[in-house]
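# Structural features, examined
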Amino acid sequence: MRQNRLVGEADLSEFLNNYAWLVSNTEGDFDKALRYSLESLELEIDGAKYDTCARCYFAVGDFKNAVETQKKAIALLPHSPPLERQL
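None of these values were measured; they are calculated from a predicted model.

Criteria and cut-off values
- Residues numbered from 1 in each chain as written.
- Predicted model: local features only at pLDDT ≥ 70, side-chain atom pairs only at ≥ 80, totals over all residues.
- Heavy atoms only, no water.
- Helix = DSSP H or I, 4+ residues; strand = E, 2+ residues; numbered from the N terminus.
- Buried < 20%, exposed > 50% of the residue type's maximum accessible area, 1.4 Å probe, protein only.
- Contact = heavy atoms within 4.5 Å.
- Areas by Shrake-Rupley, 256 points an atom, 1.4 Å probe, with all protein chains shown as cover.
- Lys, Arg positive; Asp, Glu negative; His and termini not counted.
- Charge placed at Lys NZ, Arg CZ, Asp CG, Glu CD.
- Polar contact = N/O pair within 3.5 Å; in protein donor to acceptor, adjacent residues only side chain to side chain.
- Axes fitted to C-alpha atoms, helices over the stretch in contact; angles between N-to-C directions.
- Parallel < 35°, antiparallel > 145°, perpendicular 65-115°, else oblique.
- Left-handed = near helix turned anticlockwise from the far one by under 90°.
- Nonpolar A, V, L, I, M, F, W, Y, C, P; charged D, E, K, R; others polar.
- Patch = residues over 30% accessible without salt bridge, like charges linked within 9 Å, V, L, I, M, F, W, Y side chains within 5 Å.
- Salt bridge = Lys/Arg side-chain N within 4 Å of Asp/Glu carboxyl O.

### Some points on the overall build of the chain
Of the regular secondary structure elements, the chain holds five helices and zero strands. Each helix and strand of the chain, placed in order from N terminus to C terminus, yields the pattern α-α-α-α-α. When its C-alpha atoms are laid out on the principal axes, the chain stretches across 50 × 30 × 20 Å. Counting across all 87 residues of the chain, residues that qualify as buried make up 32%. Taking the contacts inside the chain whose residues are at least 6 apart along the sequence as the reference set, 42% of them involve residues at least 24 apart. For the chain, the accessible area works out to roughly 5,900 Å², and carbon and sulfur atoms hold 54% of it. Between the mean site of the 10 positive side-chain charges and the mean site of the 14 negative ones, the chain shows a separation of 1 Å.

### Notes on the environment of Thr26
Mapping Thr26 onto the fold places it in the loop between helix H1 (9-25) and helix H2 (30-43). In the structure, Thr26 is positioned 33 residues away from Ala59 in sequence and 9.5 Å away in space, judged by C-alpha atoms. Here the side chain of Thr26 touches Leu22 through a polar contact of 2.6 Å, landing on its backbone oxygen.

### Some thoughts on the environment of Tyr57
With respect to the element layout, Tyr57 can be found in helix H3 (residues 47-59). By relative accessible area, which is 12% here, Tyr57 ends up buried. For Tyr57 and Ser13, which are 44 residues apart along the polypeptide, the C-alpha to C-alpha distance reads 18 Å. Look past the residues within four positions of Tyr57 in its chain and what remains in contact with it is Leu34, Leu38, Asp62, Asn65, Ala66 and Thr69.

### Topic: the packing of H1 against H3
A pair of packed helices is captured by two measures, namely the crossing angle of their axes and the spacing between those axes. Between H1 and H3, whose axes approach to 9 Å, the crossing angle comes to 40 degrees. By the angle between their axes, H1 is oblique relative to H3. For the pair H1 and H3, the crossing hand works out as left-handed. For the pair H1 and H3, contact is made by Ser13, Glu14, Asn17, Ala20, Trp21, Ser24 and Asn25 and by Ala48, Lys49, Thr52, Arg55, Cys56 and Ala59, respectively. Within the contact of H1 with H3, the residues separate by chemical class into five nonpolar, five polar and three charged.

### A few points about a nonpolar patch on the surface
A surface patch of nonpolar side chains, about 270 Å² in accessible area, is lined by Ile45, Leu76 and Leu77. Tracing the chain through its elements places Leu77 in the loop between helix H4 (63-76) and helix H5 (81-86).

### Considerations on the packing of H3 against H4
In the contact formed by H3 and H4, the axes pass within 8 Å of each other and the chain directions differ by 165 degrees. For the element pair H3 / H4, the angle class is roughly antiparallel. Where H3 crosses over H4, the handedness of that crossing is left-handed. Residues Gly47, Tyr50, Asp51, Cys53, Ala54, Tyr57 and Phe58 of H3 form the contact with H4, whose own contacting residues are Phe63, Asn65, Ala66, Thr69, Gln70, Lys72, Ala73 and Leu76.

Pasting the structure below:
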């Protein structure tokens, strides 16, 4: 018998972020990826999730928000060469 497990907010945030990261770095529905990324940040603030969100903004062509969001990621994860390179 299969057991049902409630998904917590942190788990849901991680699932949404993973989807957004995958799509924003490959191909797919970039608008949906951005929505999922923003929703993941509503559930849990995290520097890596801001990095994903910046990638999503970039994928939809919103470069201003991409730069602003990447700066938030760097503020939460200072001295991170990958995040700094992304900016």
